[in-house]
Amino acid sequence: MNDSTIYISSRTGLIFLNKKLEIQRVINKADGLKDETIAQMFVDKQNELWLSTNNGISRVSINSPMYYHNTNSGFNGSVEAITIFQNKLLVGTTVGMFQADLKGQNNLGLPCKLEFKNIEGTFFEAWNFHEHKGKLLVATSDGVFNIVGDKSIRVTKPYANDI
């Protein structure tokens, strides 16, 4: 799969080692595996890694440039909207807006867990993101807001449904 990474199945999850046998990453329950005891691994024709565990099977997209998140990533609610703006992944949910920095997250060439933080002042349902003239606007159940860094600035009165 990858000549520079060694994959080890264990009773504590999936371990990634470099050629010097240094641990680069461990994927376990906290990262989304259903079970940490891995009995076998299998690579399919698409170079996806399949894990046989005590609690079913899991697929790990080792060669994908995609990031991943799970319930431990730091955001709550059902996802309503998602966008990338200024090298950040922003997620609008039924309980607020959250963002994760994408810069430098994947420097080992391995999938990385995203760490989301709440955008200050957002605790309401976020429906839609829209970039306009270099600004990021979001329609929410409490009006339209401009996202600036980790803060939200009100643009309209409450109850705008879309941008």
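See above for the structure.
Quick summary incoming for the structure in this document. Worth saying up front: this structure is predicted, and the values here are computed from it rather than measured.

To continue, consider the environment of Ile 38. By secondary structure assignment, the location of Ile 38 is in strand β4 (residues 38-43). For Ile 38 and Leu 51, which are 13 residues apart along the polypeptide, the C-alpha to C-alpha distance reads 6.3 Å. Non-local contacts of Ile 38, meaning those with residues more than four positions away in its chain, are made with Ser 9, Ser 10, Gly 13, Leu 14, Leu 33, Leu 51, Ser 52 and Thr 53.

A word on the sheet that holds strand β1 (residues 6-10). Pairing in this open sheet of three strands is antiparallel, and the strands run β1-β2-β3 from one edge to the other. Looking at which strands have only one partner, the edges of the open sheet turn out to be β1 and β3 (23-27). With direction set aside, neighbouring strand axes in the sheet form an average angle of 20°. Relative to β3, strand β2 (residues 13-17) is paired through four bridges, and the arrangement is antiparallel. Bridge pairing links Leu 14 to Ile 27 in β3.

Moving on to the nonpolar core. Residues Ala 81, Phe 85, Leu 90, Met 97, Ile 119, Phe 124, Ala 126, Phe 129, Leu 136, Val 138, Phe 145 and Ile 147 constitute the largest nonpolar core, which totals 12 residues. Of all elements in the fold, only β7 (79-85), β11 (126-132), β12 (135-140) and β13 (143-148) reach the threshold of two or more residues within this core. Formed by 10 residues, the second largest nonpolar core is a distinct cluster that contains Ile 27, Leu 33, Leu 51 and Val 60.

Pairing is antiparallel in the open sheet, where four strands are placed in the order β11-β12-β13-β14. What marks the edges here is a single partner per strand, and that holds for β11 and β14 (151-154). In this sheet, neighbouring strand axes are inclined to one another by 35° on average, regardless of whether the strands run parallel or antiparallel. For β13 and β14, the ladder comprises four bridges, and the chain directions are antiparallel. Bridging from a neighbouring strand, Asn 146 pairs with Ile 153 of β14.

Cut-offs used in this document
Residues numbered from 1 in each chain as written. Predicted model: local features only at pLDDT ≥ 70, side-chain atom pairs only at ≥ 80, totals over all residues. Heavy atoms only, no water. Helix = DSSP H or I, 4+ residues; strand = E, 2+ residues; numbered from the N terminus. Contact = heavy atoms within 4.5 Å. Pairing = 2+ DSSP bridges. Axes fitted to C-alpha atoms, helices over the stretch in contact; angles between N-to-C directions. Core = buried A, V, L, I, M, F, W, Y, C linked by side-chain atoms within 4.5 Å. Buried < 20%, exposed > 50% of the residue type's maximum accessible area, 1.4 Å probe, protein only.

Such coordinate-based values are descriptive only and should not be taken to indicate function.
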